[in-house]
Amino acid sequence: VRRAVVGSLLPLAACGAAPEAARAPEPALVQRARDLQERALRDGRAYELLSGLLAAAPSRLSGSPGADAAVAWGLATMRELGLRNVRAEEVMVPKWVRGQRELCSVLSPRSVELSICALGGSVATSPAGLTAEVLEVRSLEELRTIGDAAQGRIVFVNRPMPRAFRRTFQAYGETAAIRTNGASEAAAVGAVAVLVRSLTTSIDDLPHTGAMLYRDGFRRIPAAAISTQGAETLSAMLREGPVRLHLWLDCQDHGEVPSANVVGELVGSELPDEIVLLGAHLDAWDLGHGAHDDGAGCAHVLEAMRLLQAIGHRPRRTIRGVLFMNEENGLRGALGYAERHRAALEAGSHVAAIETDAGGFAPEAFTCSLRGAELEALRGLFVPLSELGMGTLVEGGAGGADIAVLAPYGTALFGLMVASHRYFDYHHTAADRLEAVNERELALGAAALAYAASVLADR
Ligand SMILES: [Zn+2]
């Protein structure tokens, strides 16, 4: 039996034993990976769990009645699955409501309706709406050099999400600032509203919402995303001449309300105070049902913990499932978790955390924040997983937005990465619904997560 250093994943390899990467995988781990995969595919419950969440709380933006229903569902489901220490940990969250009408009508040179949605956190237009000429830019950098040209205009940031990256999250990372910062950047040059091109490489008529932030000291102007098809149409009209449009948003800010993270555990047999955290987020944008983002992650976490019980595996360390609230528009669940558990975190209790917030597609890899010898020491443990086609271990990243708050405490951070080609066809849109998720792909993600959690909890 290996003796673990408290609060550390440093392996025996550091003490002079052969590097684990060079060894053949332990037969028991190969068997565990096989058992998990077979159970997940044969009689797994991931898809049932996902459909249960979506039925109980189809719309669950932070602060909404649906978010309360999601918390209640999470608690009841964790208890039904036999998890221990099941509890709600209260956090305050922002409550923003989209409102009833979102309209973007081209008035001249000819009448056209464009598909838009308010960005999360946007202010409304005046009750009568807002009419102005459009100014198109291709980037925030271009916007900063525009001088007086944006005065009184609706700024249209038409920056396509790059297509060349294999991992679409990388393309998202390169482009997301137009959504997050577009309003204040446009306000800084005198614009009256901002329209940003939706963050997807697909050309379709679905607007993609998402979080935006107003910078202090700048006028708060209405901010909306336009579908990629709408962006192409608007851009083509602007090449012909001036375009006037009418924008109408009636979203509202209701301040802060109480909500909660949902927590449940598989208690460790030998080191119950040491934690391997499995995280996903319970809240979702309001246009669809958050099936991929992040209902799939919630199903992964719950099913992984069920699968480990189903194969009779009791971890040495405690595996703690956390369904975070408010990942999408405030990260208050993650911040609240770090605040509430600060003493335990400072004592080094959280040895590892894995986040699943990349959708319900087939698993491809676990990213890992460790480097060098610490990373190499883990590789051997993940070989049984990669041999079954359920993911390799790769360097890089903070695992995900919710667990990133654990980085200052030395927690090793992992992220479940899945095939990402189709994720941004659905992300933050009305199409992110149950039918967008494949049962087998979702099941494999849960099996991969269960395996990764078990090897990190046992070593
Ligand atoms: Zn998410």
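Described in the following lines is the structure provided in the data block. What you see is a predicted model; the values in this text were computed from it and never measured.

**Points about the sheet that holds strand S14 (residues 363–368)**
Here is step 1 of the chain: One open sheet holds the eight strands; their spatial order is S1-S10-S12-S11-S13-S16-S14-S15, and the pairing between them is mixed. Single-partner strands in this sheet number two, and they are strand S1 (84–97) and strand S15 (392–395). The average angle at which neighbouring strand axes cross in this sheet is 25°, direction not considered.
Here is step 2 of the chain: Along the sheet, helix H8 (residues 291–310) makes contact with strand S10 (252–266), strand S11 (271–281), strand S12 (317–324) and strand S16 (412–418), crossing S11 at roughly 150°.
Here is step 3 of the chain: Each of S14, S15 and S16 is contacted by helix H11 (residues 372–387), which is oriented at about 150° to S15, the strand it contacts most.

**A few points about the sheet that holds strand S8 (residues 223–226)**
Here is step 1 of the chain: The strand order across the open sheet formed by eight strands is S3-S2-S9-S5-S6-S7-S8-S4, and the pairing between neighbours is mixed. Every interior strand has two partners, whereas the edge strands, strand S3 (112–113) and strand S4 (116–118), have only one.
Here is step 2 of the chain: Relative to strand S7 (residues 193–197), strand S6 (residues 154–157) is paired through four bridges, and the arrangement is parallel. If you follow Val155 over to S7, its bridge partner there is Val194.
Here is step 3 of the chain: Packing of helix H6 (residues 177–188) onto the sheet brings it into contact with S6, S7 and S8, and relative to S7 it is tilted by some 155°.

**Structural notes on the coordination of the zinc ion**
Here is step 1 of the chain: Around the zinc ion, the donor atoms from the protein are His281 (NE2), Asp293 (OD), Asp357 (OD) and Asp357 (OD), and they sit 1.9 to 2.7 Å away.
Here is step 2 of the chain: Every donor counted, the four donor atoms about the zinc ion form angles of 53 to 148° at the centre, which fits irregular coordination.
Here is step 3 of the chain: The motif formed by the donor residues of the zinc ion, counted along the single chain, is H-x11-D-x63-D. Taken together, the residues Asp293 in helix H8 and Asp357 in the loop between strand S13 (350–355) and S14 connect sequence positions 64 residues apart.

**Points about the pattern of salt bridges**
Here is step 1 of the chain: Applying the stated criterion across every chain yields a total of 29 salt bridges.
Here is step 2 of the chain: The salt bridge partner of Glu256 is Arg332, with a shortest N-O separation of 3.0 Å. Placement of the pair is Glu256 in strand S10 and Arg332 in helix H9 (residues 332–340), with a sequence separation of 76 residues.
Here is step 3 of the chain: For Glu256, a relative accessible area of 46% translates into the label partly exposed.
Here is step 4 of the chain: Given a relative accessible area of 27%, Arg332 falls into the partly exposed group.
Here is step 5 of the chain: Salt-bridge contacts for Arg316 lead to Glu270; the nearest nitrogen and oxygen are separated by 3.2 Å. Placement of Arg316 in the loop between H8 and S12 and of Glu270 in the loop between S10 and S11 is noted, with a sequence separation of 46 residues between them.
Here is step 6 of the chain: Here the residues in one salt-bridge network are Arg87, Glu89, Glu265, Arg320 and Arg340, joined through shared partners.

**A few points about the packing of helix H2 (residues 46–56) against helix H13 (residues 439–458)**
Helix-helix packing is characterised by the crossing angle of the two axes and by the distance between the axes.
Here is step 1 of the chain: Look at H2 against H13: their axes get within 8 Å of each other, and the N-to-C directions meet at 105°. The orientation of H2 with respect to H13, classified from their angle, is roughly perpendicular. Residues Ala46, Tyr47 and Leu50 of H2 form the contact with H13, whose participating residues are Glu439, Leu442, Ala443 and Ala446.
Here is step 2 of the chain: Classifying every residue of the contact of H2 with H13 gives six nonpolar, no polar and one charged.

Criteria and cut-off values
- Residues numbered from 1 in each chain as written.
- Predicted model: local features only at pLDDT ≥ 70, side-chain atom pairs only at ≥ 80, totals over all residues.
- Heavy atoms only, no water.
- Pairing = 2+ DSSP bridges.
- Helix = DSSP H or I, 4+ residues; strand = E, 2+ residues; numbered from the N terminus.
- Axes fitted to C-alpha atoms, helices over the stretch in contact; angles between N-to-C directions.
- Contact = heavy atoms within 4.5 Å.
- Donors = N, O, S within 2.8 Å, 3.2 Å for Na, K, Ca; no water.
- Tetrahedral: all angles 85-135°; square planar, octahedral: opposite > 155°, others 65-115°.
- Salt bridge = Lys/Arg side-chain N within 4 Å of Asp/Glu carboxyl O.
- Buried < 20%, exposed > 50% of the residue type's maximum accessible area, 1.4 Å probe, protein only.
- Parallel < 35°, antiparallel > 145°, perpendicular 65-115°, else oblique.
- Nonpolar A, V, L, I, M, F, W, Y, C, P; charged D, E, K, R; others polar.

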